[in-house]
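Overview (structure and organization)
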Amino acid sequence: LDYVPFATSNGVRALDRRLSEITTGAQAIGSGPTVVLGFSNGAGVAEEWMAQHSGVAGAPSPDEVSFVLIGNPRRAYGGLMPPIEPTDYHVIDVVRQYDPMADFPDRPLNLLALANVAAGMLSPMHLDYRGVDLDDPNNVVWTEGNTTYVFVPTTELPLLKPLRALGFDELAAKLNGPLTDIIEKAYDRPYLDSPAPPSVVAPEPEQTVLAAAADETE
């Protein structure tokens, strides 16, 4: 879905036009539900669209449209921007641990955590989710209302990537655990103590997948 980069209101209008074409136009005949895939700023666009259209007469219903959000800057847990109230639409919200836009520290006075965030901005932590496996048993998955949250653990701190790049893998491995313990003190993660999580249901083959600015980045 093309729109002016980071112009969220422009993206909302573009998404609304496209969804109108899919849910009310010729493409609606014989097609299944539509899944909107929003990455980074595209996830913010999807959040704004849901806030503006939930419960509005004539808007696509939750039976017609659902959302998968990746690296969501408005994520309720860790998003860099204020979250938007949940709506009637069903959402799967996926984040990688230490994503600088979607897993920001709750206590930014922790300087190591901030340094780790800065290192994450220079890494693929936010920009590349291609290696994420939604079925990985190490993921933490829980549902609140209509939103299913997926937290994908990161085993190696972005902060130590320069050491690894210089060939000091053994030193990085020794520092990883102690530094992780300190950095994690900057985060509130009650969901890590939750009961066994539910499974994530991926879109069915017959569903229409609409990428909302999937190429846009923060």
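To be clear, the structure that these remarks concern was listed above.
The structure reproduced in this document is the subject of the present report. Keep in mind it's a predicted model, so treat the numbers as computed, not measured.

1. Remarks on the overall build of the protein
A tally of regular secondary structure across the protein gives 5 helices and 6 strands. The secondary structure elements of the protein, listed N-terminal to C-terminal, are α-β-α-β-β-α-β-β-α-α-β. Buried residues in the protein amount to 43% of all 218 residues. Long-range contacts, defined as pairs at least 24 residues apart, comprise 73% of the intrachain contacts of the protein with a sequence gap of at least 6. Surface summary for the protein: the accessible area is close to 11,200 Å², and the carbon and sulfur share equals 57%.

2. Observations concerning the side chain of R189
Among the structural elements, R189 can be located in the loop between helix 5 (169-184) and strand 6 (208-212). For R189, the side chain forms a polar contact with the side chain of D103, separated by 2.9 Å. Within polar-contact distance, the side chain of R189 engages the side chain of E184 at 2.7 Å. Contacts of R189, omitting those with residues within four sequence positions, involve Q97, Y98, D103, F151 and E184.

3. Overview of a nonpolar patch on the surface
Residues L166, F168, L171 and L175 make up a contiguous nonpolar surface patch of roughly 380 Å² in combined accessible area. Looking at the element boundaries, F168 is found in the loop between helix 4 (161-165) and helix 5. Take F168: its relative accessible area is 44%, and that puts it in the partly exposed class.

4. A look at the pattern of salt bridges
Applying the stated criterion across every chain, the model contains 9 salt bridges. Across the pair R74 and E48 runs a salt bridge whose closest N-O atoms are separated by 3.5 Å. Placement of the pair is R74 in the loop between strand 2 (65-70) and strand 3 (91-96) and E48 in helix 2 (residues 41-53), with a sequence separation of 26 residues. According to the relative accessible area criterion, R74 is buried, its value standing at 14%. We classify E48 as partly exposed; its relative accessible area is 21%. Put simply, D93 and R75 hold a salt bridge, and the shortest N to O gap is 2.8 Å. Taken together, the residues span a long stretch of sequence, with D93 in strand 3 and R75 in the loop between strand 2 and strand 3 at a distance of 18 residues. Several salt bridges converge on common partners, so that one network encompasses D103, E184 and R189.

5. What about helix 3 (residues 111-121)?
Burial in helix 3 covers these residues: A113, N116, V117, A119 and G120. Seen along its axis, helix 3 keeps its buried residues to an arc of 160°; they face one direction. Contact partners of the buried residues in helix 3: helix 5. By the N-cap criterion, in which a side-chain oxygen at the helix start approaches the backbone nitrogen of a residue two or three places on, helix 3 is capped by N110, the distance to L112 being 3.2 Å.

6. Overview of the pairing of strand 3
Counting buried positions over the 6 residues of strand 3 gives 6, a clear majority of the element. Pairing of strand 2 with strand 3, which is carried by 4 bridges, proceeds in the parallel orientation. Bridge assignment links I70 to a residue of strand 3, and that residue is V94. With 6 bridges joining them, strand 3 and strand 5 (residues 147-152) adopt parallel strand pairing. Opposite V94, over in strand 5, you have V150 as the bridge partner.

About the thresholds
- The numbers attached to residues start from 1 for each chain and follow its sequence in the written order.
- Restriction of local features to residues with pLDDT of at least 70 applies here, the model being predicted, together with a cutoff of 80 or more for giving and counting side-chain atom pairs; totals for whole chains, interfaces and linings are based on all residues.
- Side-chain metrics in this entry use all non-hydrogen atoms of the structure; hydrogen atoms and water are not considered.
- Segments assigned H or I by DSSP are reported as helices when at least four residues long, segments assigned E as strands when at least two residues long, and all are numbered from the N terminus.
- For every residue, the accessible area (1.4 Å probe, protein chains only) is compared with the maximum for its type, and the residue is labelled buried under 20%, exposed over 50%, or partly exposed between those bounds.
- Contacts between residues were defined by any pair of non-hydrogen atoms, one from each residue, lying within 4.5 Å.
- Each accessible area value is a Shrake-Rupley result obtained with a 1.4 Å probe; residue values ignore everything except the protein chains displayed when judging cover.
- Each polar contact in these results corresponds to two N or O atoms within 3.5 Å; when the atoms are within protein, one needs to be able to donate a hydrogen and the other to accept it, and residues that are neighboring in sequence are counted only if both atoms are side-chain atoms.
- What goes into a patch is any residue over 30% in relative accessible area without a salt bridge, connected to like charges within 9 Å or, for nonpolar side chains (Val, Leu, Ile, Met, Phe, Trp, Tyr), within 5 Å.
- What counts as a salt bridge is simple: a side-chain nitrogen of Lys or Arg found within 4 Å of a carboxyl oxygen of Asp or Glu.
- Note: the arc covers the axis-to-C-beta directions of the helix.
- At least two bridges found by DSSP between two strands is the condition for calling them paired.

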